[in-house]
Every structure is written in C-alpha cells, then in structure tokens.
Amino acid sequence: MRVGGGDVSSSYTGERRTHLQALAEMLPEHGLVSRMMGGDDPMLWVWHPRTGRHTIIFATPTADGWVFLWSSGGRGRVDDLGRTARALRETLDR
C-alpha cells in the first residue's frame, strides 16, 4: 500500500521486527526459546523446552498501539513485555 509516495508496509516491517526482537530477548528469562522467521513478514517462533509446546507470535498495529498475537486467543502489549512473556509462558505451560 502506498500513502503519500511512501511504502507503508516497509515501515511497519521494521517496527514489527523491532517489537518481536525485544520480546525474543526477554523470553529466555521465562524459560522459553525463540527464533525469528518470515523475512519481510517477520514473526517469532516460540518453543517451551519442557512441555514441547510451541506457537508463532505476530506483532500488529492497532488503534491503541502495537500488540502481539498468538494461537488460542493469546494477546500481549508491546509496552509491557514482562507481562506478555509471562502470558506466553502460561499458554505454553498448559
């Protein structure tokens, strides 16, 4: 999509990657392993070594700011990475 001559999707890609990388850096503190995937459409693959459960995390802009989304209705705010990491760990602990 082009708005005012700029490519909106490429600016979102950089911001999306930044948010996902910030979350990835926190996950080892919560016993989780992650890997960035997707190239131009970045997403984060997250794995719980003890349970073997895994999920894919997406970051998307909303009217209230950026949020992370994952399967089973998981959702976390990018401005509260600690809470997001704990919620993700709880999801993968089940």
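The following paragraphs examine the structure supplied in this document. The shown structure was predicted, so the numbers you read here are calculated from the model rather than taken from an experiment. (Residues numbered from 1 in each chain as written. Predicted model: local features only at pLDDT ≥ 70, side-chain atom pairs only at ≥ 80, totals over all residues. Heavy atoms only, no water.)

## Thoughts on the overall build of the protein chain
Let me state the cut-off plainly: Secondary structure elements are defined from DSSP: runs of H or I of at least 4 residues count as helices, runs of E of at least 2 residues count as strands, and each element is numbered from the N terminus. Whether a residue is buried, partly exposed or exposed follows from its accessible area with a 1.4 Å probe, protein chains only, as a fraction of its type maximum: under 20%, in between, or over 50%, in that order. Working rule for contacts: check all heavy atoms of both residues, and any pair within 4.5 Å makes them a contact. Residue-level accessible areas treat just the shown protein chains as cover; the underlying method is Shrake-Rupley with a 1.4 Å probe.
In terms of regular secondary structure, the protein chain is built from two helices and seven strands. Taking all 94 residues of the protein chain together, the buried fraction comes to 34%. Across the protein chain, every contact between residues at least 6 apart in sequence was considered, and the portion connecting residues at least 24 apart equals 37%. Surface summary for the protein chain: the accessible area is close to 5,600 Å², and the carbon and sulfur share equals 50%.

## Considerations on the nonpolar core
Filter applied, for reference: Throughout, nonpolar core names a set of buried Ala, Val, Leu, Ile, Met, Phe, Trp, Tyr and Cys residues whose side chains join them through atoms within 4.5 Å.
Counting 18 residues, the largest nonpolar core has Leu23, Leu27, Leu44, Val46, Ile57, Phe68 and Leu88 as the members making the most contacts within it. When residues of this core are traced back to their parent elements, those giving at least two are helix H1 (8-26), strand E4 (43-47), strand E5 (54-62), strand E6 (65-70) and helix H2 (81-93). Excluding residues within four positions of it along the chain, Leu88 makes contact with Leu27, Leu32, Val46, Thr55, Ile57 and Trp70.

## Digging into the packing of aromatic side chains
Heads up, the condition is: Classification of ring pairs rests on two measures: the distance between centres of Phe, Tyr or Trp rings, Trp counted by its six-membered ring, which must be within 6.5 Å, and the angle between planes, read as stacked under 30 degrees, edge-to-face over 60 and tilted in between.
Scanning all chains against the criterion turns up one aromatic pair. Considering the side-chain rings of Tyr12 and Trp66, the 5.9 Å spacing of their centres and the 75° angle between planes classify their relative orientation as edge-to-face. One end of the pair, Tyr12, is in helix H1; the other, Trp66, is in strand E6, and 54 residues separate them in sequence.

The values reported here are purely geometric and, on their own, carry no functional implication.
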